[in-house]
Amino acid sequence: MPTGLEGIDSLTLSRFVLQMQQMSAEATGDLTILMNALQISCKVVETCVRRAGIAKLYGLAGSGNVQGEDQKKLDIIANDAFKENLEDCGRVSVMVSEEDDEAIVCSKATTHKYAIAFDPLDGSSNIDANVSIGTIFAIYRLDDSSVSKTPAEGAKAIMQTGRNIVVAGYAMYGSATNLVLSFGEGVHGFTLDPSIGEFVLTHPGIQIPKTGKIYSVNEGNAANWDKATTKYVENSKYPEVGKAKSLRYIGSMVADVHRTLLYGGIFMYPADAKSPTGKLRLLYEAAPMAYLMEAAGGKATTGEIDILDIVPDSIHQRVPVYMGSSEDIDAIVSLYQSQ
Ligand code: AHG
Ligand code: MN
Ligand code: MN
Ligand code: MN
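Analysis parameters
Residues numbered from 1 in each chain as written. Chains lettered and ligands numbered in written order. Predicted model: local features only at pLDDT ≥ 70, side-chain atom pairs only at ≥ 80, totals over all residues. Heavy atoms only, no water. UniProt positions renumbered as here; feature names shortened; annotations may be inferred. Helix = DSSP H or I, 4+ residues; strand = E, 2+ residues; numbered from the N terminus. 1 Å grid on protein atoms, 1.4 Å probe; cavity = no way out; pocket = protein on both sides within 12 Å on 5 of 7 lines; lining within 4 Å. Points joined across faces, edges and corners; volume = space filled by probe spheres on them. Nonpolar A, V, L, I, M, F, W, Y, C, P; charged D, E, K, R; others polar. Pairing = 2+ DSSP bridges. Buried < 20%, exposed > 50% of the residue type's maximum accessible area, 1.4 Å probe, protein only. Near = heavy atom within 4 Å. Polar contact = N/O pair within 3.5 Å; in protein donor to acceptor, adjacent residues only side chain to side chain. Areas by Shrake-Rupley, 256 points an atom, 1.4 Å probe, with all protein chains shown as cover. Sits in = over half its atoms within 2 Å of the grid points.

The chain appears in an unreviewed UniProt entry as fructose-bisphosphatase from Rhodosorus marinus. Under the UniProt heading Subunit (unreviewed entry), the note attached to the chain is "Homotetramer." Entered under Pathway (unreviewed entry) in the UniProt record, the comment concerning the chain runs "Carbohydrate biosynthesis."

In structure tokens form, the structure reads like this:
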């Protein structure tokens, strides 16, 4: 009979990160301090998300961002929380946020080894309906022999392929608050235990199934899809052999990717006639999620190239996204190869 104390003795994220640090001889503790700032930011945002209805934090902020989106109040609150904590920890040299036009060169940085790209609040259109939303982040290693002094230099320093990511992950503010991340070796999921204020390990070594019964895409864009996407979705609905796949689409990338990682299947945000390079941003949505997918045994592609191989040409660059179970991704890639 569960006692309700389960999880108290599990590995906390704080201890997990310290153990990761102790495993490398040349560790300085900088990444541990950075990860701690990230964790605190996620806890601050999750509190704001949970209290949004009570504290009147729903609705629009009355401002727009570089993406051409109307910012929600929680977009701004989340963005400010991450920027403040990541700046104050002194271990971030350059930051890129979905909500800021330019890269940010951190004036309080005492070391210049790390840059971070983040989507402070992903799934903003779902906030007011209390549907799962989240935060996505990717930490890149910098050459600290040359310190960025301007936003342009900072942008240049962080625009690396996803293969250079050091840590990537997401927080999901759902019925529970999850933090799923990878340092490159395996993907591990933690759940916030509010009774002790710590993220505890609940999903060690996530491995995505080789194939899944779910496809996830906004079918409202079907009129604008290319042939490969149209064919893939048709095959999912009317398979020549076997059962049709189910459609599940939440509209928060974090939630759709989390379900895909755990259950298998495919998540897609294709390019289409309306958005010729797709909607999702490479640096702080597609690349970090692709990094997790590959670390969990899955794949992530634009249809033509692995997402982790793309060299960014701007900090808010958008790319087409297909990610998930390896066999399902192979199927869409072969449709692209034959089109
Ligand atoms: P964000 O809220 O950070 O701007 O991201 C929204 C993204 C992503 O979360 C989701 O997969 C996609 O937008 C949904 O787009 P549609 O509403 O066009 O389907
Ligand atoms: Mn997003
Ligand atoms: Mn966002
Ligand atoms: Mn947005």
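**Considerations on the UniProt feature "domain: Fructose-1-6-bisphosphatase class 1 C-terminal" (unreviewed entry) in the chain**
Annotation from UniProt places "domain: Fructose-1-6-bisphosphatase class 1 C-terminal" (unreviewed entry) at residues 208-336. Span residues 208-336 is 36% helix and 12% strand, its end C-alpha atoms 23 Å apart.

**Thoughts on the environment of Ile40**
Mapped onto the elements, Ile40 comes out in helix 2 (residues 30-51). Distance in space between the C-alpha atoms of Ile40 and Leu142 is 23 Å, their sequence separation being 102 residues.

**Quick word on the layout of surface pockets**
To find the voids left in a structure, one rolls a probe of water-molecule size over its atoms. The computed volume of the largest pocket comes to approximately 480 Å³. In this structure, the largest pocket is lined by 26 residues; those nearest its centre are Glu69, Ser125, Gly251, Lys279 and Arg281. Of all elements in the fold, only strand 2 (70-72), strand 5 (114-122), helix 6 (253-263) and strand 13 (266-269) reach the threshold of two or more residues within the lining of the largest pocket. The leading source of residues in the lining of the largest pocket is strand 5, at three residues. For the lining of the largest pocket, the per-class residue count stands at six nonpolar, seven polar and 13 charged. The computed volume of the second largest pocket comes to approximately 380 Å³.

**Quick notes on the sheet that holds strand 12 (residues 246-247)**
A sheet is described by the order of its strands in space; here five strands give the open sequence 12-11-13-15-14, paired in mixed fashion. A single partner strand is all that each edge strand has here, and the edge strands are strand 12 and strand 14 (299-301). Alignment of strand 14 against strand 15 (residues 321-324), held across three bridges, turns out to be antiparallel. By the bridge assignment, Thr301 is partnered in strand 15 with Tyr322.

**Considering the pairing of strand 6 (residues 133-141)**
The buried fraction of strand 6 amounts to eight of the nine residues, a majority that puts the element mostly inside the structure. With seven bridges connecting them, strand 5 and strand 6 associate as antiparallel partners. Residue pairing for strand 6: Asp119 is matched across the bridge by Ile136. As judged from the eight bridges shared by strand 6 and strand 7 (residues 165-173), these two strands associate in the antiparallel manner. Its bridge partner being in strand 7, Ile136 is matched across the sheet by Tyr170.

**Considering unusual backbone geometry**
A positive phi angle, near 55°, is found at Lys56, a position not held by glycine. Tracing the chain through its elements places Lys56 in the loop between helix 2 and strand 1 (60-64). In the Ramachandran plot, Asn130 falls in the positive-phi region, its phi being about 55° despite a non-glycine side chain. Taking the relative accessible area as the measure of exposure, Asn130 reaches 60% and is therefore exposed.

**Describing the site of ligand 1**
Of all residues adjacent to ligand 1, which total 18 residues, the nearest are Asp122, Gly123, Ser124, Tyr249 and Tyr269. Glu69 places a polar side-chain atom, nitrogen or oxygen, 3.2 Å from an oxygen atom of ligand 1. A distance of 3.0 Å separates an oxygen atom of ligand 1 from a polar side-chain atom of Arg281. Within the complex, 87% of the 470 Å² of free accessible area of ligand 1 lies under protein. When each cavity is represented as a set of grid points, ligand 1 is found to reside in the largest pocket.

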